[in-house]
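Chains, contacts and geometry: an overview
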Amino acid sequence: LGARLAPPTPSGSGGSGRGQASHLTPRGGAGVGAMSRRERGPEPGPGGAEAAAEDAEPESPDQCLSLLPWDRFSAWLHCVCVVGFDLELGQAVEVIYPPHSKLTDKEKTNICYLSFPDSNSGCLGDTQFCFRFRQSPGRKVSLCCFLDQLDKDLPVYLKKDSAYYYGYVYFRQVRDKSLKRGYFQKSLVLISKLPYVHLFRTMLKQIAPGYFEKSGAFLEAVCSDIDRWPPPVPGKVLQLPIMGLIMKLRIPTYRDKPGTTPIVQNMHQADAQISMALPTVHEVDLFRCFCPVFFHIQMLWELVLLGEPLVVMAPSPAESSETVLALVSCISPLKYCSDFRPYFTIHDSEFKEYTTRTQAPPSVILGVTNPFFAKTLQHWPHIIRIGDIKLPGEVPKQVKVKKLKNLKTLDSKPGVYTSYKPYLNKDEEIVKQLQKGVQQKRPTEAQSVILRRYFLELTESFIIPLERYVASLMPLQKCISPWKSPPQLRQFSQDDFMKTLEKAGPQLTSGLKGDWIGLYKHFLKSPNFDGWFRSRQKEMTQKLEALHLEALCNENLVFWSQEHTEVETVDLVLKLKNKLLQADREHLPVKTDTLKKLQTHINDIILALPDDLQDILLKTGT
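Parameters and conventions
Residues numbered from 1 in each chain as written. Predicted model: local features only at pLDDT ≥ 70, side-chain atom pairs only at ≥ 80, totals over all residues. Heavy atoms only, no water. UniProt positions renumbered as here; feature names shortened; annotations may be inferred. Pairing = 2+ DSSP bridges. Helix = DSSP H or I, 4+ residues; strand = E, 2+ residues; numbered from the N terminus. Axes fitted to C-alpha atoms, helices over the stretch in contact; angles between N-to-C directions. Contact = heavy atoms within 4.5 Å. Core = buried A, V, L, I, M, F, W, Y, C linked by side-chain atoms within 4.5 Å. Buried < 20%, exposed > 50% of the residue type's maximum accessible area, 1.4 Å probe, protein only. Polar contact = N/O pair within 3.5 Å; in protein donor to acceptor, adjacent residues only side chain to side chain. Patch = residues over 30% accessible without salt bridge, like charges linked within 9 Å, V, L, I, M, F, W, Y side chains within 5 Å. Areas by Shrake-Rupley, 256 points an atom, 1.4 Å probe, with all protein chains shown as cover. Salt bridge = Lys/Arg side-chain N within 4 Å of Asp/Glu carboxyl O. Lys, Arg positive; Asp, Glu negative; His and termini not counted. Charge placed at Lys NZ, Arg CZ, Asp CG, Glu CD. Expected span 1.5 Å × (residues − 1). Parallel < 35°, antiparallel > 145°, perpendicular 65-115°, else oblique. Left-handed = near helix turned anticlockwise from the far one by under 90°. Nonpolar A, V, L, I, M, F, W, Y, C, P; charged D, E, K, R; others polar. Bend = angle between axes of the 7 residues up to and from the residue.

Labelled according to an unreviewed UniProt entry, the protein appears under the name DEN6A protein, originating from Thryothorus ludovicianus. Listed under Sequence similarities (unreviewed entry) in UniProt, the entry text for the protein is "Belongs to the DENND6 family."

Here it is in structure tokens:
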């Protein structure tokens, strides 16, 4: 995973490896030393990494044995960057580790600007936030088949998006009179394809303070630890050692019941290792994020579901990124299929594309902190303005939806600025329940659980009628003939779907009244419906291919071949071989026994043919 190149030349051979890319090597030349040590093979590191790696080994040990240096690291991270402030250059990438990691100039520029809060944020001390940016086109990432298989086992909302990277930031700004500007400003940034916000946030909390004190060699040791982690296998309890600490976690799978999180127990460590069990790898504190606008959560759910253009104006990147991530997660287990930027700046490479007034605002959620955006994005239809996120000690007052013309500056009062009229009637119960929780000082974790369950039930009530109708588009099993191509799915018809809502609509699972029909009509035009339907279409087509394979297996193919000409038999063998290749390539949901049975059929048919044809067919892959 990642653009792995040949390791740089060790420092002993003329130093060319360091000279060619000195800007990529941590100061003090630590990078070269790290690579040569990695080539010699792993050494025992802090945290008993080998034991932990063995404990959470994936199902295919052969795959792991063949992993090269940095493959394990690349399964979790693309690279680690250190961004500092240069008086002449401004923000600059000081270190990229491992040194062979590839980033284009455009990607480096985006990372530079997104790794620092806007100057108006006034973030003194330590700040954590995250951003998301586009991967430069034309650069292929070689995905290991094994890791590709892992992605297949994830819930749809946690699958990697090949076009985007996440950046997880730990920014430190403290007074330092010895520096010209009077401030020390630096960010440690983890660049990854994985949307595991809570995991990387926890990890940065553990390693960033140590890095700011010890610098290069410390970062090298951290990366060496990560390169001993087991692969990110969904559904298994993984133990990830990092600088003397063991993080225990479980990545969800698509088989998990939505809304349930299996508890990872914090077991006693025999070797006195400090261990930390993470309750989640990806979830944010929903209640804390929605607290400033929780009277409008149902309307916000509708806006996200419909893929409406939304901008979150916040005082700092921490608040903007958490709120955007909370919005995207509120329609789970549906995947939000449009673009979203937890933290967006005027320097972003997509700034012009997303702020142009020559066309309607795109389907995207932006998190911003620069006051300039209050003017630039005035034409956007839905704006959420939040103040500092802090949990209320008293019941928040009802905040009315404000008209967009009232939004003059980023200093405008917190609230939701939109002229959108929700399709569904307001659910007063959830608001009362959360208000009661505030009065009773219910822990924020418990409030978040209530809110997450509410969103889940609302989304499931909405999506179940669609799931039921789409399942009816599947041909009956009796229509599958081994001697014909698999049948096609029936076309999706909006009219036919709408007719099913009268008897089997959301009213079966939700007590909410309102214009559900209008909400569905709007949803069917949205990018979220398009993404969801394509995914279901692919699943069902693969299911049909799998059923077709099973039907072929149950036929007496040798008898058939004896009744037909050699040309027809050879044609059948080649088609069956292609079917096997397709099953492997597309990870079709076929039992291993079925594939073995089909391979046996192929071998039996070939052995019944003349010797010259046998030789040709046994050598032919396809």
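Strand order across the open sheet formed by 5 strands is β10-β11-β9-β12-β13, with mixed pairing between neighbours. Two strands in the sheet have a free side with no partner beyond their single neighbour: β10 (339-341) and β13 (415-418). With strand direction ignored, the average angle separating the axes of adjacent strands in the sheet is 15°. The sheet strands contacting helix α12 (residues 317-329) are β9 (310-313), β10, β11 (364-368) and β12 (382-385), and the helix crosses β11 at an angle near 160°.

Another point: the sheet that holds strand β1 (residues 79-86). Strand order across the open sheet formed by 5 strands is β2-β1-β5-β4-β3, with antiparallel pairing between neighbours. Pairing within the sheet leaves two strands with one partner each, and these edge strands are β2 (90-97) and β3 (125-134). Neighbour-to-neighbour, the strand axes of this sheet turn through a mean angle of 25°, independent of strand direction. The pairing of strand β4 (residues 164-175) with strand β5 (residues 183-192) spans 10 bridges and is classified as antiparallel. The partner of F171 across the bridge, within β5, is S187. The strands that helix α6 (residues 105-114) touches are β1, β2, β3, β4 and β5; relative to β3, the one it contacts most, it runs at about 150°.

The next thing to look at is the nonpolar core. If you look at the biggest cluster of nonpolar residues, it comprises 113 residues, and the most contacted ones within it are W76, F290 and L466. At 10 residues, the largest contribution of residues to this core is made by helix α16 (residues 444-471). Excluding its chain neighbours within four sequence positions, the residues that come into contact with L466 are F492, F497, Y520, F523, L524, F529 and W532. Counting 21 residues, the second-largest nonpolar core is a separate cluster that includes L588, I605, I606 and L609.

What follows deals with the environment of Q537. If you trace the backbone, Q537 turns up in helix α19 (residues 527-553). As a C-alpha pair, Q537 and L473 span 64 residues in sequence and 9.7 Å in three-dimensional space.

Here we come to the pairing of β3. The buried fraction of β3 is high, at 7 of 10 residues. Summarising the sheet, β3 and β4 pair through 10 bridges and their orientation is antiparallel. Counterpart to F133 in the pairing with β4 is Y165.

We now examine the side chain of D227. Secondary-structure assignment places D227 in the loop between α9 (216-226) and β6 (237-242). Residue class for D227 comes out buried when judged on its relative accessible area of 3%. From its side chain, D227 meets the backbone nitrogen of F73 in a polar contact 3.0 Å long.

On the surface, E566, D611, D612 and D615 cluster together to form a negatively charged patch. For the negative patch, the leading source of residues is helix α23 (residues 611-619), giving 3 residues. Relative to the assigned elements, D611 resides in helix α23. Here D611 falls in the exposed class, since its relative accessible area comes to 60%.

Let's shift gears to helix α21 (residues 566-585). Between its terminal C-alpha atoms α21 stretches 29 Å, which fits the 28 Å expected from 20 residues at 1.5 Å a residue. Along α21, the residues classified as buried are T569, V570, L572, V573, L576, K577, K579, L580, Q582 and A583. Check the buried side of α21 and you find it contacts α19, α20 (557-562), α22 (592-607) and α23. Remark: H587 follows α21 within two positions and exhibits a positive phi of approximately 50°.

Time to look at the pattern of salt bridges. Evaluation of the coordinates by the stated rule reveals 21 salt bridges. Here K186 and E94 are joined by a salt bridge, their closest N and O atoms 3.0 Å apart. With a gap of 92 residues between them, K186 in strand β5 and E94 in strand β2 connect regions that are remote in the sequence. In terms of burial, K186 and E94 fall into one category: buried. Connected through salt bridges with shared partners, the residues R132, R134, D161, D339, R341, D348, E350 and E353 form a single ionic network.

What follows deals with the packing of α19 against α21. Contact pair α19 / α21: the axes reach a minimum separation of 11 Å and the direction vectors enclose 140°. With respect to each other, α19 and α21 are oriented oblique. Where α19 crosses over α21, the two elements pack in a sense that is left-handed. On the side of α19, the interface is formed by E545, H548, L549 and L552, while α21 contributes L576, K579, Q582 and A583. Looking at the contact of α19 with α21 residue by residue, the class counts come to 4 nonpolar, 2 polar and 2 charged.

This part takes up α16. In a regular helix each residue adds 1.5 Å, so 28 residues correspond to 40 Å; α16 covers 39 Å between its end C-alpha atoms and thus fits that length. Of all the bends in α16, the greatest, near 30°, is centred on I463, and the proline P465 appears no more than four residues after it.

Right, let's get into the environment of I191. Relative to the assigned elements, I191 resides in strand β5. Placed 24 residues apart in sequence, I191 and G167 show a C-alpha to C-alpha distance of 4.7 Å. Leave out the neighbours within four places in its chain, and I191 touches L77, H78, C79, C81, I111, F131, F133, Y165, Y166 and G167.

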